[in-house]
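Breakdown of the fold
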Amino acid sequence: QLQLVESGGGRVQSGGSLRLSCAPSGFTLNSYSIAWFRQAPGKEREGISCISKRDENIYYTDSVKGRFTISRDNTRSTMYLQMNSLKPEDTADYYCAADPAAFACSRLRAPSRNDYSYWGQGIQVTVTS
C-alpha cells in the first residue's frame, strides 16, 4: 500500500519555526511532483507549495512566500516544509501529497488537490499569539 507519513507538527509561538517532514512508504519520491496543502478550521484545503517532478517548477502561495521553504532529499526520499516566522493565521492541519505527473506542479498556479494521488494523514500546526 502506497502512503505518506508526516511528522514534525506541534504548537509554537508567533514568530517561531517548525519543520514538517513527509516520508513515503512503498515508493520513492524521486519521480514524483510533491506538494504541501493545509486546511484551517472551517475552511477548504488549499495548496500552498509544490515542486514538480524534475524540480523545474517551484510554487509558493503569496501568504507563505518568503517564510516557507519546500524541499526534498532524494537520498532519503523525504520531503520537507520549513516554516519560519509563523503567524497565528498559519494554524491548520498540514498535508503532504505526491503524484507521478509533472503537470501536478506549475509555477503559475497553486497545486490542486485533484491532481495528487497520494496523501499524508495530516498533521496539526498551532501558532499562538
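Residues numbered from 1 in each chain as written. Predicted model: local features only at pLDDT ≥ 70, side-chain atom pairs only at ≥ 80, totals over all residues. Heavy atoms only, no water.

1. A word on the state of the cysteines
On inspection of all chains with the given rule, the structure shows 2 disulfides. Between the sulfur atoms of Cys-22 and its disulfide mate Cys-96 the distance is 2.0 Å. Between Cys-22 and Cys-96, the S-S torsion sits near 60°, and that sign places the bridge as right-handed. Residue Cys-22 is located in strand β3 (residues 18-25), and its partner Cys-96 is located in strand β9 (residues 92-99); the two are separated by 74 residues in the primary sequence. (Disulfide = S-S within 2.5 Å. Helix = DSSP H or I, 4+ residues; strand = E, 2+ residues; numbered from the N terminus.)

2. Considerations on unusual backbone geometry
Phi angles above zero are rare outside glycine, and Asp-55 is one such case at about 65°. Examined against the element boundaries, Asp-55 turns out to sit in the loop between β5 (46-51) and β6 (58-60). Its relative accessible area of 41% is what places Asp-55 among the partly exposed residues. The phi dihedral of Ser-85 is positive, around 50°, even though this residue is not glycine. Along the chain, the position of Ser-85 falls in the loop between β8 (78-83) and β9. (Buried < 20%, exposed > 50% of the residue type's maximum accessible area, 1.4 Å probe, protein only.)

3. Concerning the nonpolar core
Among the nonpolar cores identified, the biggest contains 28 residues, and Leu-20, Trp-36, Phe-68, Leu-81, Met-83 and Tyr-94 are the most heavily contacted of them. Those elements that place two or more of their residues in this core are β3, β4 (33-39), β5, β7 (68-73), β8, β9 and β11 (123-128). Top element by residues in this core is β9. It accounts for 4 residues. Here Leu-81 is in contact with Leu-18, Arg-19, Leu-20, Trp-36, Ile-48, Phe-68, Thr-69, Ile-70 and Tyr-94, once residues within four sequence places are set aside. Ranked by size, the runner-up nonpolar core spans 9 residues in total, among them Ala-35, Cys-50, Tyr-95 and Ala-97. (Core = buried A, V, L, I, M, F, W, Y, C linked by side-chain atoms within 4.5 Å. Contact = heavy atoms within 4.5 Å.)

4. Overview of the pattern of salt bridges
Summed over all chains, the structure comprises 6 salt bridges. Residue Asp-90 is joined to Arg-38 by a salt bridge in which the shortest nitrogen-to-oxygen separation is 2.9 Å. One end of the pair, Asp-90, is in the loop between β8 and β9; the other, Arg-38, is in strand β4, and 52 residues separate them in sequence. By relative accessible area, Asp-90 is classed as buried at 1%. A relative accessible area of 6% means that Arg-38 is categorised as buried. Between Asp-115 and Arg-109 there is a salt bridge, with its nearest N and O atoms 3.2 Å apart. (Salt bridge = Lys/Arg side-chain N within 4 Å of Asp/Glu carboxyl O.)

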